[in-house]
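Next come the chains, spelled out residue by residue.
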There are 2 protein chains.
Amino acid sequence: MSPVDTPVLPDRARVEEATRWLAGRVVRTPVLSAPAIDRLAGIRILLKAENLQTGGSYKTRGAMLAVGRLVAAGHTGVVAPSTGNHAVAVALAAQRHGLAATVVLPVDAPSTKVARARAAGARVVLAGTTLEERLTAARGLSSATGHPLVDAYDHPDVIAGQGSASRELIEQAERAGTPLDALVVPVGGGGGVAGACLAAAGRPIDVYGVEPVGCDSLARSLAAGRPTSVAPTATIADGLRPTCVGELAFAVACDRVQGVVRVDDDQIGEAFRLLLLELKVLAEPSGAAGLAGALRLAADPSALVPGPAPAGVPDHAGRPAGPADAWKRYRTVGVVLTGGNVDAELVARLVTQQLAGTVRAEGMAA
Amino acid sequence: MSPVDTPVLPDRARVEEATRWLAGRVVRTPVLSAPAIDRLAGIRILLKAENLQTGGSYKTRGAMLAVGRLVAAGHTGVVAPSTGNHAVAVALAAQRHGLAATVVLPVDAPSTKVARARAAGARVVLAGTTLEERLTAARGLSSATGHPLVDAYDHPDVIAGQGSASRELIEQAERAGTPLDALVVPVGGGGGVAGACLAAAGRPIDVYGVEPVGCDSLARSLAAGRPTSVAPTATIADGLRPTCVGELAFAVACDRVQGVVRVDDDQIGEAFRLLLLELKVLAEPSGAAGLAGALRLAADPSALVPGPAPAGVPDHAGRPAGPADAWKRYRTVGVVLTGGNVDAELVARLVTQQLAGTVRAEGMAA
């Protein structure tokens, strides 16, 4: 790749700029907490409720930024591959600016995400189940229409835009007198965790990624030192199933992220129910994964698959701390609750699983 | 009743004072909206998310105020009858101040409300199913312990405290550049709607109450000109089942409220699902009733059971408008989403009802 083709890595200043530009253009979502969740974690957990964002996810941030730039450059349309939320976000941003949007989703995307993209006026194309199938279709549509492709992860505006959610959370926590010691973000293609790393840069805030078991491309990429694909296994976290983290996202996050924790569907389901019944908000499983990861690390910091970055909170002698020491010292951890677009069927199933669990537990106690 | 025994009617100044006193002591809950809800209503609907309040309902406001006053007067305990949320709220307020709390709930109260009151350290007494049974038990406990009784509705601090939620909503809507034309509040014992009337006093904001079909004590009381009991029928809105509106609440609301709209369980269930799947928050059915009422009035203003107060938005000739004219002129309507404490079983049932409905509709279309 020639230097001309190398995209400029987004930096901290770009996240700051994105945060300022998006103020008033997207919802400044509230930061929520629940005593029951804090008790369970043993520390204060602040949740940035991006499920309450326009379009139901934080993807609206990056999409607004990227589409705004296309409009300024005179484009009349946009093409976007997505597991769902980026498609909804690009469709809404394009609708606001009068651009034609074509979005490419997997055939097994949640119906609510497909319906929301269509409701925002986008042309919806369903293509296979893998990232590669979506990208191939999207590239073909981009060539055929002449409309630029805005990737769901590997795009500087998308990284900076998603980073603005973390940046707002950092500021809101500071203002409340409970500054963050760490930030936990679910990882699909890595745009959100890369943005979180940039938002936290220069501050004593450690950043952690969360991946579903079997969809741990970032964990494997950190170990290999380069973007490494996986064959994603089934998970209820439909937004966290890309085959591989983005090159740009990995380049930003690889030496800044503390590491990754893996969570299974039971842990995601438990976090979903805590968010629903204690915090009183609806998260999609991909959004609940962040809380699942934070609870797992709070209970057992050794569950971390570490990255190359040292923990940002040194011990009393000034030595870099291991994950166990770091988590012992944290008082406040921020979690980006990335989205809330979930089919009613899955809501019913996840709530019912708890009921079944309760009945089982009562049966055992009797 | 001698003048000495007559409680002073809370007024607008008392709600303003309560709002100031509660700032920083309770959560300033966000005001949320969803395009899908606005489209359905045909107007802008702003929802004050008091389900995100400490204790999961706006009852925390009145309880904090009332218990704070008891502490200042040197009391060491408090007794509170409640369908559930007032009990949770008094338990939390008492816990914060180190008071002993005894709360009296019906035997069929949602288990999450009983569990939350217990978790906050309250002694929980279950007494019958009616308001009278709870009041009798609470009065007995108050005599036996010497601890004052704080009623769930008919108490000036409770009315002023609940009114502070409406007062904040009015201010938040003004700040956002979308001032309220009307305010819609669910009615149990009438504390919330009385508080809303005081919060809106002196402003061109009409106030409406919402009652479940068969639990329409305020509607009947407005018609009779005095507090009138009903034999409450079964409803999923467990917080809106008191036999009669409070005397104090009725005295405040009777000549200020525009009237009442009745909603059935299907309409409450539909509002519950809209709040869950579109707004992404969990409301309890009693909390969702406010939105159900606003949607019903927006669709058919003649569903209103009018009170004696003229609509606050006169027509172009300055004549007081009827409800149909008033609703045609509204641009922004505020709804207090009063609480979110709901058992998981009911969440599963309400979400599943929608699925059953979808399947039926699809079957008919095929």
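Structural data are supplied above this passage.
In this text, all values refer to a predicted model and were calculated from it rather than measured experimentally. (Residues numbered from 1 in each chain as written. Chains lettered and ligands numbered in written order. Predicted model: local features only at pLDDT ≥ 70, side-chain atom pairs only at ≥ 80, totals over all residues. Heavy atoms only, no water.)

Caption draft 1: Highlighting the sheet that holds strand β3 (residues 77-81) of chain B. Residues and elements named next belong to chain B. Reading across from one edge, β3-β4-β5 is the order of the 3 strands in this open sheet, with parallel pairing throughout. Looking at which strands have only one partner, the edges of the open sheet turn out to be β3 and β5 (123-126). Taking each pair of neighbouring strands and ignoring which way they run, the sheet shows an average axis angle of 15 degrees. The sheet contact formed by β3 and strand β4 (residues 100-105) spans 5 bridges and is parallel. Counted as the bridge partner of valine 79 is threonine 102 from β4. In the packing of helix α6 (residues 131-145) onto the sheet, the strands contacted are β3, β4 and β5, and the crossing angle to β3 comes to about 170 degrees. (Pairing = 2+ DSSP bridges. Helix = DSSP H or I, 4+ residues; strand = E, 2+ residues; numbered from the N terminus. Axes fitted to C-alpha atoms, helices over the stretch in contact; angles between N-to-C directions. Contact = heavy atoms within 4.5 Å.)

Caption draft 2: Fine view of the nonpolar core. Of all hydrophobic cores here, the largest spans 102 residues; its most connected members are A:Ile45 and B:Ile45. Apart from residues no more than four positions distant in its own chain, B:Ile45 is found in contact with B:Leu32, B:Ser33, B:Ile37, B:Asp38, B:Leu291, B:Ala294, B:Val333 and B:Val335. B:Ala165, B:Ala196, B:Ala199 and B:Val207 belong to the second-largest nonpolar core, a separate cluster that totals 38 residues. (Core = buried A, V, L, I, M, F, W, Y, C linked by side-chain atoms within 4.5 Å. Buried < 20%, exposed > 50% of the residue type's maximum accessible area, 1.4 Å probe, protein only.)

Caption draft 3: Structural context of the relation of the copies chain A and chain B. Note on the identical chains: chain A maps onto chain B by a rotation of 180 degrees and an axial translation of 0.0 Å, with an RMSD of 0.0 Å. In the structure described here, the two chain copies are related by an operation that fits a two-fold rotation axis. Within chain A, the C-alpha atom positioned nearest to the axis of rotation is that of A:Val281, 2.1 Å from it. Comparing interface residues between copies, 100% of those in chain A also lie at the interface in chain B; the contact surface is shared. (Least-squares fit on C-alpha atoms with pLDDT ≥ 70 in both.)

Caption draft 4: Examining the interface of chain A and chain B more closely. Counting residues at the interface gives 24 residues for chain A and 24 residues for chain B. Of the roughly 1,800 Å² buried where chain A meets chain B, counting both sides, 69% is carbon and sulfur surface. Summed over the shared surface of chain A and chain B, the result is 2 salt bridges. Between A:Arg116 and B:Glu278 there is a salt bridge, with the nearest N and O atoms lying 3.3 Å from each other. Joining chain A to chain B, the criterion identifies 10 residue pairs in polar contact (both at pLDDT 80 or more). Those elements giving two or more residues to the side of chain A that touches chain B turn out to be α11 (265-279) and α14 (344-365) of chain A. (Buried area = accessible area lost by both parts, 1.4 Å probe. Salt bridge = Lys/Arg side-chain N within 4 Å of Asp/Glu carboxyl O. Polar contact = N/O pair within 3.5 Å; in protein donor to acceptor, adjacent residues only side chain to side chain.)

Caption draft 5: Focus on unusual backbone geometry. Phi at A:Lys280 is positive, roughly 70 degrees, even though this residue is not glycine. Summarising the element assignment, A:Lys280 is placed in the loop between α11 and α12 (285-299).

Caption draft 6: Expanded view of the pattern of salt bridges. Going through the model one piece at a time under the given rule, you end up with 31 salt bridges over all chains. Between B:Glu168 and B:Arg61 there is a salt bridge whose closest N-O contact spans 3.1 Å. In this pair, B:Glu168 is assigned in helix α7 (residues 156-175) and B:Arg61 in helix α3 (residues 59-72), connecting sequence segments 107 residues apart. Both residues of the pair, B:Glu168 and B:Arg61, count as buried. For the salt bridge of B:Arg241 with B:Asp108, the shortest nitrogen-to-oxygen distance reads 3.5 Å. You can see B:Arg241 sitting in the loop between α9 (217-224) and α10 (247-253) and its partner B:Asp108 sitting in the loop between β4 and α5 (111-119), a full 133 residues away along the chain. Each of A:Lys48, A:Glu50, A:Arg61 and A:Glu168 takes part in a single network of salt bridges with overlapping partners.

Caption draft 7: Here's a closer look at the pairing of β4(B). All names here are of chain B. Here β4 lies mainly inside the structure; 5 of its 6 residues are buried. Examined bridge by bridge, β4 and β5 share 4 bridges and lie parallel to one another. Along β5, the bridge assignment pairs threonine 102 with arginine 123. Once the chain exits β4 it traverses α5 before rejoining the sheet at β5, and the crossover so formed is right-handed. (Right-handed = clockwise from strand over helix to strand, strands pointing away.)

Caption draft 8: Expanded view of helix α1 (residues 12-22) of chain A. Residue and element names in this part refer to chain A. Taken residue by residue, α1 has Val15, Glu16, Ala18, Thr19 and Leu22 as its buried positions. The buried residues of α1 all sit within an arc of 160 degrees when viewed along its axis, so they share a single face. On the buried face of α1, the contacting elements are α3 (59-72), α7 (156-175) and α8 (191-200). (Arc of directions from axis to C-beta.)

Caption draft 9: A look at the side chain of A:Thr332. All names here are of chain A. Among the secondary structure elements, threonine 332 is positioned in strand β10 (residues 332-337). A relative accessible area of 2% places threonine 332 in the buried class. A distance of 2.7 Å separates polar atoms of two side chains, one belonging to threonine 332 and the other to arginine 44. Residues in contact with threonine 332, not counting those within four places in the same chain, are Arg44, Leu46, Thr178, Pro179, Leu180, Asp181 and Ala182.

Caption draft 10: View of the sheet that holds strand β7 (residues 206-212) of chain B. Residue and element names in this part refer to chain B. Spatially, β1-β2-β10-β6-β7-β8-β9 is the arrangement adopted by the 7 strands of the open sheet, whose pairing is mixed. Each of the sheet's edge strands pairs with one partner strand only, and the pair in question is β1 (31-32) and β9 (305-306). Where β7 and strand β8 (residues 259-263) come together, 5 bridges link them in parallel fashion. Paired with proline 212 across the two strands is valine 263, which belongs to β8. Most of the contacts of helix α8 (residues 191-200) go to β7, to which it runs at about 170 degrees, and overall it touches β6 (182-186) and β7. Sitting on the sheet, helix α11 (residues 265-279) touches β1, β2 (44-49), β8 and β10 (332-337), and the angle it makes with β8 is about 90 degrees.

Caption draft 11: A look at the side chain of A:Lys59. All names here are of chain A. By the secondary structure assignment, lysine 59 is in helix α3. Salt bridges are absent for the buried lysine 59, whose nearest opposite-charge side chain, aspartate 151, sits at 8.0 Å. Contact partners of lysine 59, with chain neighbours within four places excluded, come to Asn85, His86, Ala89, Ala152, Tyr153 and Gln162. (Lys, Arg positive; Asp, Glu negative; His and termini not counted.)

Caption draft 12: Examining the packing of α3(A) against helix α4 (residues 85-97) of chain A more closely. Residues and elements named next belong to chain A. At a minimum axis distance of 8 Å, the contact between α3 and α4 shows a crossing angle of 40 degrees. With respect to α4, the element α3 is oriented oblique. The two elements α3 and α4 cross, and the hand of that crossing is right-handed. Taking contact as the criterion, the partners of Lys59, Thr60, Ala63, Met64, Val67, Gly68 and Val71 in α3 are, on α4, Asn85, His86, Ala89, Val90, Ala93, Ala94, Arg96 and His97. When the residues that make up the contact of α3 with α4 are grouped by side-chain class, the tally is 8 nonpolar, 5 polar and 2 charged. (Parallel < 35°, antiparallel > 145°, perpendicular 65-115°, else oblique. Left-handed = near helix turned anticlockwise from the far one by under 90°. Nonpolar A, V, L, I, M, F, W, Y, C, P; charged D, E, K, R; others polar.)

Caption draft 13: Spotlight on the environment of A:Thr19. Residue and element names in this part refer to chain A. Mapped onto the secondary structure, threonine 19 falls in helix α1. In the structure, threonine 19 is positioned 145 residues away from serine 164 in sequence and 4.8 Å away in space, judged by C-alpha atoms. Only 2.7 Å separates the side chain of threonine 19 from the backbone oxygen of valine 15, close enough to count as a polar contact.

Caption draft 14: Representation of the pairing of strand β2 (residues 44-49) of chain A in the model. Residues and elements named next belong to chain A. Burial within β2 is extensive, with 5 of its 6 residues counted as buried. Pairing analysis gives 2 bridges linking strand β1 (residues 31-32) to β2, with the strands arranged antiparallel. Of the residues in β2, the one forming a bridge with valine 31 is lysine 48. One ladder, built from 6 bridges, connects β2 with β10; its direction is parallel. Looking at β10, one finds that leucine 47 is bridged to valine 335.

Caption draft 15: Structural view of the packing of aromatic side chains. Tallied over the entire structure, the rule returns 6 aromatic pairs over all chains. Taking 5.4 Å as the distance between ring centres and 55 degrees as the angle between the ring planes, the aromatic pair formed by B:Tyr208 and B:Trp327 counts as tilted. Of the two residues, B:Tyr208 sits in strand β7 while B:Trp327 sits in helix α13 (residues 323-329), which places them 119 residues apart along the sequence. You'll find B:Tyr208 and B:Trp327 in the same group, each marked buried. The side chain of A:Arg25 reaches across the aromatic face of A:Trp21, ending 3.9 Å from its centre. (Phe/Tyr/Trp six-rings, centres within 6.5 Å; stacked < 30°, edge-to-face > 60°. Lys NZ or Arg CZ within 6 Å of the ring centre and 35° of its normal.)

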